[in-house]
Amino acid sequence: MTGGITAEGFFSGPSAILAVGDPKPLSTTRNLSGDPLEAAAIVRARGGDGDAFDFLVTHWSRRVTSLAWTLTGNRDASEEIAQETFVRAWEKIGRFRSGSPFGPWILRIATNLAIDHLRRAKRFESFDSVPERVAARIDRPDVRAAASETSLRIGRAIEALPAMQRIVAQLFLVEEYDHEEIAAMTGLAQGTVRSHLSIARAKLRAALGGEREL
Amino acid sequence: MDEIREMEALRAAARGLRHDPDEAMLERVRTGVRARIAVPASPWDVLAGWLRPAAISLGAIVVLVVAALALAPAATSEDDIAAMTGAMIVEKEARLVVP
């Protein structure tokens, strides 16, 4: 981890956090800028080459599926969204701007589809049903098995955030995209992304307990 | 800087929430995409699919008919010659018989 802060250190109070070295600026662990192979595949796919598009699908399917899974919290839905994302991309690839990286574009399609799914599933509801929703998502056996208690607490706190704050927080904290990438994926201005994150951070801090300062 | 550290700590803790799709899941996605973007057959392709066997059958029939026509007149001529030859012999013999 950048900066050497452990998950446990997160809950150990300010002294533990200050004990680690100078933190490096947050940055994404994923490269969305594309590469020559990808650029060549895009050119061929724009010409109707299905094999070239298949290369792009293979290259991006993991990230797209993971993103959809994180945003929806639903394995089956994420599979459908991932598939639909690539089909939409194929249909619109003629309008894709040459020379642009494929990543932000495909992830934006996936994000929009995931948000549409959430809207359809009425997950943009009032706070009344938040506890049930959080319990349904975070306390699933597969999630509990994969995540530590610390992760689960953060997961519950993120789930309790309003829709756009939650989405931005999930993209930033769980999927580890940076501000610029999140702005590209959601269509929000970078300043709005920072604002959502700042509010989300304050709420997470409050939700995770006043007895432990972040 | 505190904010950066705080976010780093949150990220580290939230990492356990990330879902990692397994290969079977990814393969289903890829297969589904391939099936859905496969180029549908054009009307001409469909027509060609129907016409190809019909054209082969028709071609075979044409060959048979041409061969039959080529052989049939030859056989008829030989029969005619034979018949004519036979008739001439009978006629000649008849002349010889009649005083």
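Residues numbered from 1 in each chain as written. Chains lettered and ligands numbered in written order. Predicted model: local features only at pLDDT ≥ 70, side-chain atom pairs only at ≥ 80, totals over all residues. Heavy atoms only, no water.

## Looking at the overall build of chain B
Test applied: Strands are runs of DSSP state E lasting at least 2 residues, helices are runs of H or I lasting at least 4, and numbering of each runs from the N terminus. Think of it in three bands: residues with accessible area under 20% of the maximum for their type are buried, residues over 50% are exposed, and the middle band is partly exposed, with areas taken using a 1.4 Å probe on protein chains only.
Along the backbone of chain B there are three helices and zero strands. The helix and strand sequence of chain B, counted from the amino end, reads α-α-α. Sorting the 99 residues of chain B into buried and exposed places 21% on the buried side.

## As for the pattern of salt bridges
Cut-off, in case you're wondering: Should a side-chain nitrogen of Lys or Arg be within 4 Å of a carboxyl oxygen of Asp or Glu, the pair is scored as a salt bridge.
Under the criterion given, the structure shown has 16 salt bridges over all chains. With a closest N to O distance of 3.5 Å, B:Glu27 and B:Arg34 form a salt bridge. Judged by its relative accessible area of 33%, B:Glu27 falls in the partly exposed class. B:Arg34 gets classed as partly exposed once you look at its relative accessible area, which sits at 35%. Shared partners join several salt bridges into a network, and the residues in it are A:Asp54, A:Arg62, B:Asp20, B:Glu23, B:Glu27, B:Arg30 and B:Arg34.

## A word on a nonpolar patch on the surface
The test is simple: For patch detection, residues must exceed 30% relative accessible area and be free of salt bridges, and they are connected within 9 Å for like charges or within 5 Å for nonpolar side chains (Val, Leu, Ile, Met, Phe, Trp, Tyr). Working definition of accessibility: Shrake-Rupley area with a 1.4 Å probe, residue cover restricted to the visible protein chains.
A cluster of nonpolar side chains, contributed by B:Trp44, B:Leu47 and B:Leu51, occupies part of the molecular surface with about 340 Å² of accessible area. Structurally, B:Leu47 can be placed in helix H3 (residues 43-97).

## What about the packing of aromatic side chains?
Residue and element names in this part refer to chain A. Heads up, the condition is: Any two rings among Phe, Tyr and Trp, with Trp reduced to its six-membered ring, count as a pair given centres within 6.5 Å; such a pair is stacked if its planes are under 30 degrees apart, edge-to-face if over 60, and tilted if neither. Here, a charge over a ring is recorded when the distance from Lys NZ or Arg CZ to the ring centre is within 6 Å and its angle to the ring normal is within 35 degrees.
A full pass over the atoms with the stated rule returns five aromatic pairs over all chains. On the numbers, 6.5 Å between centres and 55 degrees between planes, the contact of Trp-60 with Phe-102 is tilted. A residue pair is termed long-range when its members are at least 10 positions apart, and Trp-60 in helix H4 (residues 50-72) and Phe-102 in helix H6 (residues 102-120) qualify at 42 residues. A single burial state applies to Trp-60 and to Phe-102, both of which are buried. Three or more aromatic residues link up through ring pairs in this structure, and these residues are Trp-60, Phe-96, Phe-102 and Trp-105. Residue placement shows Arg-63 over the ring face of Trp-60; its charged tip is 4.3 Å from the ring centre.

## Here's the deal with the packing of helix H5 (residues 75-92) of chain A against H6(A)
Residues and elements named next belong to chain A. The following threshold applies: As a rule, the C-alpha atoms of each element are fitted with a line to give its axis, helices using only the stretch in contact, and angles between N-to-C directions run from 0 to 180 degrees. Angles are sorted into four bins: roughly parallel if under 35 degrees, roughly antiparallel if over 145, roughly perpendicular if 65 to 115, and oblique for all others. In this scheme, a crossing is called left-handed if the near helix is turned counterclockwise away from the far one by less than a right angle; it is called right-handed if the turn is clockwise. Any two residues having at least one pair of non-hydrogen atoms within 4.5 Å are treated as being in contact. Here the term charged refers only to Asp, Glu, Lys and Arg, the term nonpolar to Ala, Val, Leu, Ile, Met, Phe, Trp, Tyr, Cys and Pro, and the term polar to all other amino acids, Gly among them.
Contact geometry for H5 and H6: axes closest at 9 Å, N-to-C directions at 130 degrees. As summarised for this structure, H5 and H6 are arranged oblique, according to the angle between their axes. Taken as a pair, H5 and H6 cross one another with a handedness that is right-handed. Packed against H5, whose contacting residues are Ala-77, Ile-81, Glu-84, Thr-85, Phe-86, Arg-88, Ala-89 and Lys-92, the element H6 presents Trp-105, Ile-106, Ile-109, Ala-110, Leu-113, Ala-114 and His-117 at the interface. Taken together, the residues that form the contact of H5 with H6 break down as 10 nonpolar, two polar and three charged.

## Brief notes about the confidence of the model for chain A
Detailed reading of predicted coordinates is not advised where the pLDDT is low. Residue and element names in this part refer to chain A. The line we're drawing: On a range of 0 to 100, pLDDT expresses the predictor's confidence in each residue.
Here chain A shows a mean pLDDT of 77. Residues at 70 or above account for 70%. Here residues 1-29 is modelled with pLDDT under 50, and outside its nearest four sequence neighbours on either side it reaches 59 contacts, counting other chains as well. Long-range and interchain partners of residues 126-131, a stretch whose pLDDT sits below 50, account for five contacts in this model, where long-range means more than four residues apart.

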